[in-house]
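Commentary on secondary and tertiary structure
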Amino acid sequence: MRDVIIIGGGPAGVAAGVYSARKKLKTLLITESFGGQSAIAESIENWIGSKKISGMEFAKILEEHIRAQENIEIKMPENVIEVKKISDGFEITTDKNNSYQAMALIITSGGRRRRLNIPGEAQFEGKGVAYCSTCDAPVFKNKSVAVVGAGDAGLGAAIDLARYAEKVYLISNKKSLIGDMSLQEIVKNSEKITIITDAEVQEVLGGEFVFGLKYFAQNDNQIKELNVEGIFVEIGSTPNSEFVKKLVDTNPKGEIIIDHRTGATSRPGIFAAGFATDEIYKQNNIAVGDGVVAALSAYNYLLNLEKL
Ligand SMILES: Cc1cc2nc3c(=O)[nH]c(=O)nc-3n(C[C@H](O)[C@H](O)[C@H](O)COP(=O)(O)OP(=O)(O)OC[C@H]3O[C@@H](n4cnc5c(N)ncnc54)[C@H](O)[C@@H]3O)c2cc1C
């Protein structure tokens, strides 16, 4: 029985881990990987204390910081698949068939990109279907690509891709673009980008690699095809909260509802921080602060239980 188990090794989890370990809590951190979602970013320019850092370097410094703590046990790569309530705490089961127990939990499992869930998407992932323009735009130099989704992420991806691709189709299922106005301006003024609105993407087409997509054009009630070699899916993120949903309250988006002063969830003994929660501002610096709040609250919770 540990004092606390932290799930996740992004900025929120690492911050919670450093603070738990320094409070001398018997801490276990379980994560699929270190660095979290922005580990794939080409550059991070708003991480306070550093003018510019690559996502890979960011992941490295987080990992180094947590591994430098004395009172922490780390399991990586390992994925939590279930959390159960037991009499004096919680039991966690992982994809490696391991189970671990602790009196308190801190959930910092962040989020993942949403998928279209259409035929061909999974089959051609990495063979033309992509989820990170910052990472993969150069692969599509002088090719035709489509970006699905026209919020901030989609607009940003179309702009990134226009620097490399010959032609970029920006596809939205809405009647107009919805993202940031200044990004919309850039997209509308780009000679390389063609905007297709009111379009529902239905299928990814390919052989060995992607060669096109099918969409339903709502305006003229027709199924149409586009010849593209790359399809970037930019339709937002979803929180990684499935494994704990039976134990804590979540909102309709699946975000874990927390008390923002303490990081406490609806279940005594379970705290949460960062992207997986209903925090409004999903940023690295905020995830770190929220992780610290959750760790200090878990410490106070254990003190009050008189288990320390
Ligand atoms: C491409 C990109 C660029 C970004 N750039 C910036 C930026 O420049 N500045 C900024 O402030 N924010 C940026 N963000 C947002 C920022 O990445 C998030 O706000 C931040 O990562 C949230 O941190 P987190 O620790 O809560 O969650 P995450 O970063 O999502 O970390 C979650 C962690 O949990 C692990 N995990 C997930 N599920 C499980 C499980 N079941 N079991 C075990 N481990 C699990 C994951 O491996 C990961 O380590 C960017 C996001 C993206 C996608």
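Here the structure is a predicted model, which means the values were calculated and not measured.

A count of helical and extended segments in the chain gives 6 helices and 17 strands. In terms of overall dimensions, the chain has C-alpha extents of about 65 × 40 × 35 Å along its principal axes. Across the 308 residues in the chain, those meeting the buried criterion constitute 44%. Taking contacts inside the chain between residues at least 6 apart in sequence as the whole, the part at least 24 apart equals 60%.

Before going further, it helps to spend a moment on the sheet that holds strand E13 (residues 210-217). The strand order across the open sheet built from 3 strands is E12-E13-E14, with neighbouring strands paired in antiparallel fashion. Two strands in the sheet have a free side with no partner beyond their single neighbour: strand E12 (199-206) and strand E14 (222-226). Taken over all neighbouring pairs, the strand axes of this sheet differ in orientation by 25 degrees on average, direction set aside. Across 5 bridges, the pairing between E13 and E14 is antiparallel. By the bridge assignment, Phe216 is partnered in E14 with Ile223.

Attention now moves to the environment of Asn79. Structurally, Asn79 can be placed in the loop between strand E3 (72-75) and strand E4 (80-86). Sequence spacing of Asn79 and Asp249 is 170 residues, and the spatial spacing of their C-alpha atoms is 21 Å. Aside from chain neighbours lying at most four places away, what touches Asn79 is Glu32, Thr94 and Asp95.

With respect to spatial proximity, 35 residues lie near the ligand, and among them Gly8, Gly10, Gly36, Gly110 and Gly274 are the closest. Of all the elements in the fold, those that place two or more residues in the shell around the ligand are helix H1 (11-22) and helix H6 (284-304). Here the residues of the shell around the ligand are counted per class, giving 12 nonpolar, 21 polar and 2 charged.

Attention now moves to the domain arrangement of the chain. Domain annotation of the chain identifies domain 1 (2-113 + 237-304) and domain 2 (129-233). Across the side of domain 1 that touches domain 2, the residue classes break down as 2 nonpolar, no polar and 2 charged.

What follows covers the sheet that holds strand E9 (residues 144-148). Read from one edge of the open sheet, 5 strands run E8-E15-E9-E10-E11, paired in parallel fashion. Both edges of this open sheet fall to strand E8 (129-130) and strand E11 (193-196), since each of them pairs with a single strand only. Bridge count for E9 against strand E10 (residues 167-171) is 5 bridges, and the pairing is parallel. Bridging from a neighbouring strand, Val147 pairs with Leu170 of E10.

Attention shifts here to helix H4 (residues 152-162). With 9 of 11 residues buried, H4 is to be regarded as a mostly interior element. Taken residue by residue, H4 has Ala153, Gly154, Leu155, Ala157, Ala158, Ile159, Asp160, Leu161 and Ala162 as its buried positions. Against helix H3 (133-136), E9, E10, helix H5 (181-189), E11 and strand E15 (230-233) lie the buried residues of H4.

Cis geometry is adopted by the peptide bond preceding Pro77, which originates at Met76 and carries an omega value of 0 degrees. By the element assignment, Pro77 lies in the loop between E3 and E4. Positioned with a positive phi, Lys24 is a non-glycine residue whose angle comes to about 60 degrees. Along the polypeptide, Lys24 turns up in the loop between H1 and strand E2 (27-30). Residue Lys24 is classed as exposed on the basis of its C-beta count, with 12 C-beta atoms lying within 10 Å. With phi around 65 degrees, Asn142 is a residue other than glycine that occupies positive phi space.

Calculation rules
Residues numbered from 1 in each chain as written. Predicted model: local features only at pLDDT ≥ 70, side-chain atom pairs only at ≥ 80, totals over all residues. Helix = DSSP H or I, 4+ residues; strand = E, 2+ residues; numbered from the N terminus. Buried ≥ 20, exposed ≤ 12 C-beta atoms within 10 Å, placed from the backbone. Contact = placed C-beta atoms within 7 Å. Pairing = 2+ DSSP bridges. Axes fitted to C-alpha atoms, helices over the stretch in contact; angles between N-to-C directions. Near = placed C-beta within 6 Å. Nonpolar A, V, L, I, M, F, W, Y, C, P; charged D, E, K, R; others polar. Domains from an automatic or database assignment.

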